[in-house]
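Analysis of the macromolecular model
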Amino acid sequence: MIRAPGPALVMGAGAVGCWVGGRLQDAGVPVQFVGRPSVLQELRLLGLTLTDLDDRRTHLPPESLQLHAEVPEAGRSSGEGSGGASGGGSGGSPPALVLLCVKSGSTAEAAALLGLHLPAGTPVLSLQNGIGNPAIAAAAAPALLVIPGMVGFNVVRASPGHWHRGTWGELAAQAHAALQDWLPAFAAAGLPLALHADLRPVQWGKLLLNLNNPVNALSGLPLKRQLLDRDLRIVMAALIDEALAALAAHGIEPAQVAALPPRRMPTGLRLPTWLFRIAARASLRMDDQARTSMAEDVARGRPTEIDALCGEVVRLAHAAGQRAPCNEWMLARLSRPSPGQMSGREMRAALGL
Ligand SMILES: NC(=O)c1ccc[n+]([C@@H]2O[C@H](COP(=O)([O-])OP(=O)(O)OC[C@H]3O[C@@H](n4cnc5c(N)ncnc54)[C@H](OP(=O)(O)O)[C@@H]3O)[C@@H](O)[C@H]2O)c1
């Protein structure tokens, strides 16, 4: 069993939270999961099952899970949904690390709740997409130590109590002394944490990739089929072009987090599909059924994270006196998600591409 600096707490037991928290627990870290009652009920009945594209399967039985409907007070020993057993042996000590895993729209509220219940200085690693979530969390919980993070892979809920990792990609964070002692635990969990002196270029590099999320969500297609549709790739390329122009205007150089350097991504995406298949072979190594979480949000009629993605690009462009019309269109289209799918041709026509 791995030695961790203490228990971890997952704030937002969903795709990322259950995946990363579950892997840490499987590696021997005591983990508390704070989630919605419907998710806790599934976990209480079925336990937590994690699978990945390597056919690796992990099952954590219900009695091993510390499940909480609210952020537990430090010193409270048993999980609300763990059948009375504290499971994982945290012994009620306060978490030594919080993984903030809620969607962007829930960040302020979740962070405020953490701030109310946890000791000052507790490290909170934001494993969220976009650029602004760590700052939002820090403003809502100024006594906590919020550290930006980045999840480079895709996780979806496969069935009740079962989450599936469908793509490759790394876990990264802003370098901070508070994370140093956690590195062996993340490595043992099969999720080595890459520390960066400045995570912002990595966050922007990831955001460029996430500009595919609205395209995927509107297309209604699994990720792989969507990426093999040239019309849809042309839409993604246009979104990235606008982001790159805005970044250049601000002197920000996004990091490479995919097979291609960011500035070559639009050209790569516009290749004919037969050539794209060859050029993007590594990136296309994913499950046939993998989808973005934004596609799931749209399918369920839930708010999307479009403001944290295209909204961020629009704001950056406007601050430089530029326009980002394709991102503006996506922002407007997905700010109030409505059912219905669009083909690549329809999207290109709507965007004048
Ligand atoms: N899924 C991926 O593949 C992936 C990959 C990279 C990065 N990310 C990023 O990771 C973040 C989380 O995404 P996700 O896909 O894991 O989201 P998710 O599956 O929706 O999980 C978040 C969970 O947290 C719950 N929650 C929100 N506020 C809460 C609160 N105050 N107390 C308890 N539970 C709360 C949500 O419930 P409600 O739905 O009721 O609010 C939801 O069940 C996002 O920023 C996303 O962009 C996701």
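Residues numbered from 1 in each chain as written. Predicted model: local features only at pLDDT ≥ 70, side-chain atom pairs only at ≥ 80, totals over all residues. Heavy atoms only, no water.

**Description of unusual backbone geometry**
Phi at Asp55 is positive, roughly 65°, even though this residue is not glycine. Tracing the backbone through its elements, the reader meets Asp55 in the loop between β3 (48–52) and β4 (57–60). For Asp55, a relative accessible area of 72% puts it in the exposed group. (Helix = DSSP H or I, 4+ residues; strand = E, 2+ residues; numbered from the N terminus. Buried < 20%, exposed > 50% of the residue type's maximum accessible area, 1.4 Å probe, protein only.)

**What to know about the domain arrangement of the chain**
How big an interface is tends to be stated in terms of the accessible area lost upon association of its parts. Partitioning the chain into domains gives domain 1 (8–196) and domain 2 (202–351). Look at where the C-alpha atoms of domain 1 and domain 2 centre, and you get two points 27 Å apart. Listed by partner, the interface residues are 23 residues for domain 1 and 21 residues for domain 2. Counting each side, the surface lost to burial between domain 1 and domain 2 is near 1,800 Å², with a carbon and sulfur contribution of 52%. The largest contributions to the domain 1 side of the interface with domain 2 come from Lys103, Asn129 and Ile131, which together make up 33% of the buried area. Inspection of the region where domain 1 meets domain 2 yields one salt bridge. (Domains from an automatic or database assignment. Contact = heavy atoms within 4.5 Å. Buried area = accessible area lost by both parts, 1.4 Å probe. Salt bridge = Lys/Arg side-chain N within 4 Å of Asp/Glu carboxyl O.)

**Topic: the side chain of Asn154**
One can find Asn154 in the loop between β8 (145–151) and β9 (155–159). Those residues in contact with Asn154 that lie beyond four places of it in its chain are His164, Arg165, Gly166, Thr167, Ala290, Arg291 and Thr292.

**Quick word on the packing of helix α7 (residues 200–210) against helix α14 (residues 306–319)**
α14 packs onto α7 with a crossing angle of 115° between their chain directions and a minimal axis gap of 9 Å. Looking at the two axes, α7 sits roughly perpendicular to α14. Pair α7 / α14 crosses with left-handed handedness. Of the residues in α14, those touching α7 at Trp204, Leu207 and Asn210 are Ala308, Leu309, Glu312, Val313 and Leu316. (Axes fitted to C-alpha atoms, helices over the stretch in contact; angles between N-to-C directions. Parallel < 35°, antiparallel > 145°, perpendicular 65-115°, else oblique. Left-handed = near helix turned anticlockwise from the far one by under 90°.)

**Here's the deal with the packing of helix α8 (residues 212–219) against helix α10 (residues 230–249)**
Axis separation between α8 and α10 bottoms out at 9 Å; the angle between their running directions is 150°. Judged by the angle between their axes, α8 and α10 are roughly antiparallel. In this structure, α8 meets α10 at a crossing whose hand is right-handed. Of the residues in α10, those in contact with Asn212, Pro214, Val215 and Ser219 of α8 are Leu232, Val235, Met236 and Leu239. Partitioned by chemical class, the residues of the contact of α8 with α10 number six nonpolar, two polar and no charged. (Nonpolar A, V, L, I, M, F, W, Y, C, P; charged D, E, K, R; others polar.)

**Observations regarding the sheet that holds strand β12 (residues 193–196)**
As summarised here, the arrangement of the eight strands in space is β5-β2-β1-β6-β7-β8-β11-β12, forming an open sheet in which the pairing is mixed. In the strand order of this sheet, the two ends are held by β5 (66–68) and β12, each with one partner. Sheet twist, expressed as the average angle between the axes of neighbouring strands with direction ignored, equals 25°. Against the sheet, helix α4 (residues 133–140) touches β6 (97–100), β7 (123–126) and β8, its axis set at about 155° to β8. (Pairing = 2+ DSSP bridges.)

**Focus: α4**
Taken residue by residue, α4 has Asn133, Pro134 and Ala137 as its buried positions. Down the axis of α4, the smallest arc covering the buried residues is 100°, so these residues share one side. Facing away from the buried side of α4, by more than 90 degrees, are the exposed residues Ala135 and Ala139. (Arc of directions from axis to C-beta.)

**Regarding the sheet that holds β3**
Pairing is mixed across the open sheet formed by four strands, whose spatial order is β4-β3-β10-β9. What marks the edges here is a single partner per strand, and that holds for β4 and β9. Taking the axes of each pair of neighbouring strands and ignoring which way they run, one obtains an average angle of 25° across the sheet. Together, β3, β4, β9 and β10 (162–165) form the strand contacts of helix α1 (residues 15–26), whose direction differs from that of β3 by roughly 95°. Each of β3, β4, β9 and β10 is contacted by helix α2 (residues 37–46), which is oriented at about 100° to β10, the strand it contacts most.

**Topic: the site of the ligand**
Taken together, 24 residues lie near the ligand, and Val16, Arg36, Asn129, Val155 and Glu305 sit nearest. One of the side-chain N or O atoms of Asn129 is found 2.8 Å from an oxygen atom in the ligand. Interatomic distance of 3.1 Å between a side-chain N/O atom of Arg302 and an oxygen atom of the ligand. Contact with the protein chains covers 88% of the free accessible surface of the ligand, which is 890 Å². Residue classes in the shell around the ligand are distributed as eleven nonpolar, eight polar and five charged. Mapping the shell around the ligand onto the domain boundaries places at least three of its residues in each of domain 1 (8–196) and domain 2 (202–351). (Near = heavy atom within 4 Å. Polar contact = N/O pair within 3.5 Å; in protein donor to acceptor, adjacent residues only side chain to side chain. Areas by Shrake-Rupley, 256 points an atom, 1.4 Å probe, with all protein chains shown as cover.)

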